[in-house]
Amino acid sequence: RVLDAEPEPATGPVTMGFFPPASVVGVGETVGVELRIDSGGREIGHAPLHILFDPAVVEIVDVQEGDFLRRAGRSTVFQHEVRGGRLVLGASLVGTGQGAEGSGTLAIVVLQGKAQGRSRLKLDEVHIWNPALSEEFPAAVSNASVDVQG
């Protein structure tokens with residue numbers, strides 16, 4: 001006799017990238033760029049990462065928490081700090097329980113054009129963890145750019 005068993009869900013790498021992948025803004029104008037994540041079938045609980053940018057071309061004026069982690073139905077901690085040309089960002093679920101799955105927006109970064117040129121938005125030091133911090137998942141990342149026109 002064959003027992004019906006639910007197949008294990010397929011998991012792939014966690015993917016992260018910016019939307020839109022390329023933006024154009026004028027000096028003094030602002031643009032919001034979403035940092036999107038797809039869990040690849042895994043439960044995500046913590047996502048500390050850095051975003052590198054050119055501080056001579058753009059300035060980060062606001063960073064907002066996206067909806068991704070909050071969909072797990074638990075409290076979150078969302079912190080950020082700009083250090084020169086590096087945005088240090090931490091997003092975590094509080095306590096124990098199920099993590100966030102699927103796809104959504106982890107953060108929204110609002111940039112202001114400072115001077116004519118191009119700034120890459122490069123993901124760096126990306127560490128994606130399960131809720132218990134017992135397993136770090138591989139992440140495939142896509143970077144972006146912001147063109148500032150004078």
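Please read these numbers as outputs of a predicted model, since none were measured by experiment.

## Examining the nonpolar core
Phase 1 of the analysis: With 37 residues, the main nonpolar core has Met16, Leu49, Ile51, Leu106, Leu111, Leu121 and Ile128 as its most contacted residues.
Phase 2 of the analysis: For this core, the secondary-structure elements that each account for two or more residues are β1 (14-19), β3 (30-38), β4 (49-52), β5 (58-65), β7 (86-93), β8 (103-113), β9 (117-124) and β13 (144-149).
Phase 3 of the analysis: Non-local contacts of Ile51, meaning those with residues more than four positions away in its chain, are made with Phe18, Leu35, Gly85, Arg86, Leu87, Val109, Leu121, Lys122 and Leu123.

## As for the sheet that holds β5
Phase 1 of the analysis: Spatially, β5-β8-β3-β1-β12 is the arrangement adopted by the five strands of the open sheet, whose pairing is mixed. Only two strands of the sheet have a single partner each, and these edge strands are β5 and β12 (139-141). Going from strand to strand, the sheet's axes swing by 20° on average, the running direction of each strand aside.
Phase 2 of the analysis: As defined by bridge partners, β1 adjoins β3 across five bridges and the pair is classed as antiparallel. The residue bridging Met16 from the neighbouring strand is Ile37, located in β3.

## A word on the pattern of salt bridges
Phase 1 of the analysis: In total, this model carries six salt bridges according to the counting rule given.
Phase 2 of the analysis: A salt bridge links Glu34 to Arg36; the shortest N-O distance between them is 2.8 Å.
Phase 3 of the analysis: Residue classification places Arg36 among the partly exposed positions, given a relative accessible area of 36%.
Phase 4 of the analysis: For Glu81, the salt bridge goes to Arg83, with nearest N and O atoms at 3.4 Å.
Phase 5 of the analysis: For Arg83, a relative accessible area of 47% puts it in the partly exposed group.

## Brief notes about the environment of Asn143
Phase 1 of the analysis: For Asn143, the position within the fold is in the loop between β12 and β13.
Phase 2 of the analysis: Relative accessible area serves as the criterion here: at 28%, Asn143 is assigned to the partly exposed category.
Phase 3 of the analysis: For the pair Asn143 and Val94, spaced 49 residues apart in the sequence, the C-alpha separation amounts to 28 Å.
Phase 4 of the analysis: Beyond its immediate chain neighbours, meaning those up to four positions away, Asn143 contacts Phe18, Pro21, Arg120, Leu121, Lys122 and Leu123.
Phase 5 of the analysis: Polar side-chain contacts of Asn143 include one of 2.8 Å to the backbone nitrogen of Leu123.

The rules behind these values
- Residues numbered from 1 in each chain as written.
- Predicted model: local features only at pLDDT ≥ 70, side-chain atom pairs only at ≥ 80, totals over all residues.
- Heavy atoms only, no water.
- Core = buried A, V, L, I, M, F, W, Y, C linked by side-chain atoms within 4.5 Å.
- Buried < 20%, exposed > 50% of the residue type's maximum accessible area, 1.4 Å probe, protein only.
- Helix = DSSP H or I, 4+ residues; strand = E, 2+ residues; numbered from the N terminus.
- Contact = heavy atoms within 4.5 Å.
- Pairing = 2+ DSSP bridges.
- Axes fitted to C-alpha atoms, helices over the stretch in contact; angles between N-to-C directions.
- Salt bridge = Lys/Arg side-chain N within 4 Å of Asp/Glu carboxyl O.
- Polar contact = N/O pair within 3.5 Å; in protein donor to acceptor, adjacent residues only side chain to side chain.

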